[in-house]
Each structure stands twice: as C-alpha cells, then as structure tokens.
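So the chains spell out like this:
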Amino acid sequence: MANKAGLRKNSKYQDGRFMPINKNKYTGDIFDIIYRSSYELKFFRELDRDEKVIRWISEPKDKQIKYYCSTKNKQRTYIPDVYCEKVINGKLIKILIEIKPESKLVPPRKPKIQNAISMRKYGLRVQEYINIQDKKKYAEMYCKLNGFVYLFITEKTINNLV
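What counts, and at which threshold
- Residues numbered from 1 in each chain as written.
- Predicted model: local features only at pLDDT ≥ 70, side-chain atom pairs only at ≥ 80, totals over all residues.
- Heavy atoms only, no water.
- Helix = DSSP H or I, 4+ residues; strand = E, 2+ residues; numbered from the N terminus.
- Rg over C-alpha atoms; globule rule 2.2 N^0.38 Å.
- Buried < 20%, exposed > 50% of the residue type's maximum accessible area, 1.4 Å probe, protein only.
- Polar contact = N/O pair within 3.5 Å; in protein donor to acceptor, adjacent residues only side chain to side chain.
- Contact = heavy atoms within 4.5 Å.
- Expected span 1.5 Å × (residues − 1).
- Phe/Tyr/Trp six-rings, centres within 6.5 Å; stacked < 30°, edge-to-face > 60°.
- Salt bridge = Lys/Arg side-chain N within 4 Å of Asp/Glu carboxyl O.
- Core = buried A, V, L, I, M, F, W, Y, C linked by side-chain atoms within 4.5 Å.

Q: I tried to follow the overall build of the chain on my own but got confused; where do I start?
A: Helix and strand content of the chain: two helices and eight strands. Helices (α) and strands (β) of the chain occur, in sequence order from the N terminus, as β-β-α-β-β-β-β-β-α-β. The C-alpha atoms of the chain give a radius of gyration of 17 Å, which matches the 15 Å a tight globule of 162 residues would have. Along the first, second and third principal axes, the C-alpha atoms of the chain reach 55 × 35 × 30 Å.

Q: Even after reading the chapter, I still don't get the side chain of Lys63, so can you show me in this structure?
A: Mapped onto the elements of the fold, Lys63 is located in the loop between strand S3 (53–58) and strand S4 (65–69). Its relative accessible area of 10% is what places Lys63 among the buried residues. Looking at Lys63, its side chain comes within polar contact range of the side chain of Asp62, at 3.1 Å. In this view, Lys63 contacts Tyr78, Pro80, Tyr83, Leu96, Tyr142 and Phe148; residues no more than four positions away in its chain are not counted.

Q: Where do I start with helix H2 (residues 116–146) in this structure?
A: Spacing of three or four residues puts side chains on the same side of an α-helix, whose turn is 3.6 residues. Taking 1.5 Å per residue as the helical rise, H2 with its 31 residues ought to reach 45 Å, and the 45 Å between its terminal C-alpha atoms agrees with that figure. Of all the positions in H2, only Ser118, Arg125, Tyr129, Asn131, Ile132, Asp134, Ala139, Tyr142 and Cys143 are classed as buried. Of the surrounding elements, those touching the buried residues of H2 are S4, strand S5 (74–78), strand S7 (91–99) and strand S8 (149–153). With a side-chain oxygen lying 3.1 Å from the backbone nitrogen of Ile117, the N-terminal cap of H2 falls on Asn115. A positive backbone phi angle near 70° is found at Gly147, which sits one or two residues after H2.

Q: For this particular structure, what's the right way to read unusual backbone geometry?
A: Comment: phi is negative for the bulk of residues other than glycine, and the bulk of peptide bonds are trans. Even without glycine at this site, Glu59 takes up a positive phi of about 45°. Tracing the backbone shows Glu59 in the loop between S3 and S4.

Q: Looking at this structure, I do not really get the packing of aromatic side chains. What am I missing?
A: The geometry of an aromatic ring pair is captured by the separation of the ring centres together with the interplanar angle, meaning the angle of the planes. One pass over the full model with this rule turns up eight aromatic pairs. Between Phe18 and Phe44, the ring centres sit 5.9 Å apart and the planes meet at 65°, which makes this aromatic pair edge-to-face. Here Phe18 is found in the loop between strand S1 (16–17) and strand S2 (34–35), whereas its partner Phe44 is found in helix H1 (residues 38–49), with 26 residues between them in sequence. Phe18 sits in the buried class, given a relative accessible area of 8%.

Q: I keep staring at the pattern of salt bridges and nothing clicks. Help me out?
A: It is possible for side chains bearing opposite charge to pair when their charged atoms get close. Counting across every chain of the model gives 11 salt bridges. Here Arg17 ties to Asp32 by a salt bridge, and the two come within 2.9 Å at their closest N and O atoms. Of this pair, Arg17 sits in strand S1 while Asp32 sits in the loop between S1 and S2, and the two are 15 residues apart along the sequence. The class of Arg17 is partly exposed, set by a relative accessible area of 40%. Arg55 is the partner of Glu85 in a salt bridge, and the nearest nitrogen-oxygen pair spans 2.2 Å.

Q: Would you explain the nonpolar core in this entry?
A: In summary, soluble globular proteins display a tendency toward joint burial of nonpolar side chains. Within the largest apolar cluster, 34 residues are counted, with the highest numbers of intra-cluster contacts made by Phe43, Phe44, Leu47, Trp56, Val82, Leu96 and Ile97. Those elements that provide at least two residues to this core are H1, S3, S4, strand S6 (82–88), S7, H2 and S8. With five residues, the top contributor of residues to this core is S7.

Right, here's the structure in full:
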C-alpha cells in the first residue's frame, strides 16, 4: 500500500525519492522521481551518469500500454518503469524498460514440500510470472509499433543498458 507521496509502507523493498545530478536529462518532475526498489535506484543513478543517455523518465504516463491480464481475465493498463533515449553507435535508440529481479523472469518451481502455505505462495508466484509475461507480450507489440526497444533490466544487467 502506498502513502500520499507514492512510497510503499511496510514493504520488503527499498523505496524513496531520487534526485538526479543531471537534471536537464530528466523529462518529468525532478522532485517526484520515486524508486520502488534498490534495483531501480541503482539504475536511475546509471541513467543519470551515462553520457550517452539523452533523456529519461520514470513511470512515463504517456507510454501507458493496454494489455489483457490472463490471470484476472480483464484488460488492464501497464506503465513501464522507465523510458529513455540513448545514443548507441551514433543512432538515437528509444527504450522502454522494466526493472525486475532475474528470479521473477523464470517460471517458478513447485515447492518440494507441498503444504497449504507453500502451495498458496507457489500459486501467487505463478500468477505473478504470468502477469509479467502478459505485460511483456503487449509491451513488445507496443514497442514494435512505435519504433522502441523493450528491455528487462535485472540485477545481472543493471550496468549494461544496451
């Protein structure tokens, strides 16, 4: 649950506000950059310091993607974590980015000990995995139509934006 500032209460994830050094690169409100995990904070720092990143914004409201959520059986809206524009080999690349732990991008394994609690957690993890895959499918279509690249950034790739 988020408070008025958009920060989560009682979360196991680190969250807070980020203040960029290169304020001219951030295209949103520099006083309202919220990171929702330590991975996001680290990646925001990378975007801020990377000289090849021309502009970026977190949770870009103008890049909302409608997708069909198969676990809820209804249409929903997905806002990627980051949109950025970066010069790579002299070419401007527009990138939509989702930041996730590597473990959330692979199908979950059934627990070895199958009791009510472990199976409930497993069921929730399966739903989360399917939801991530649903979002990915529609984000990739959106990017193809708009000339963007779609990337997942994980703890293993956080320092390697294309």
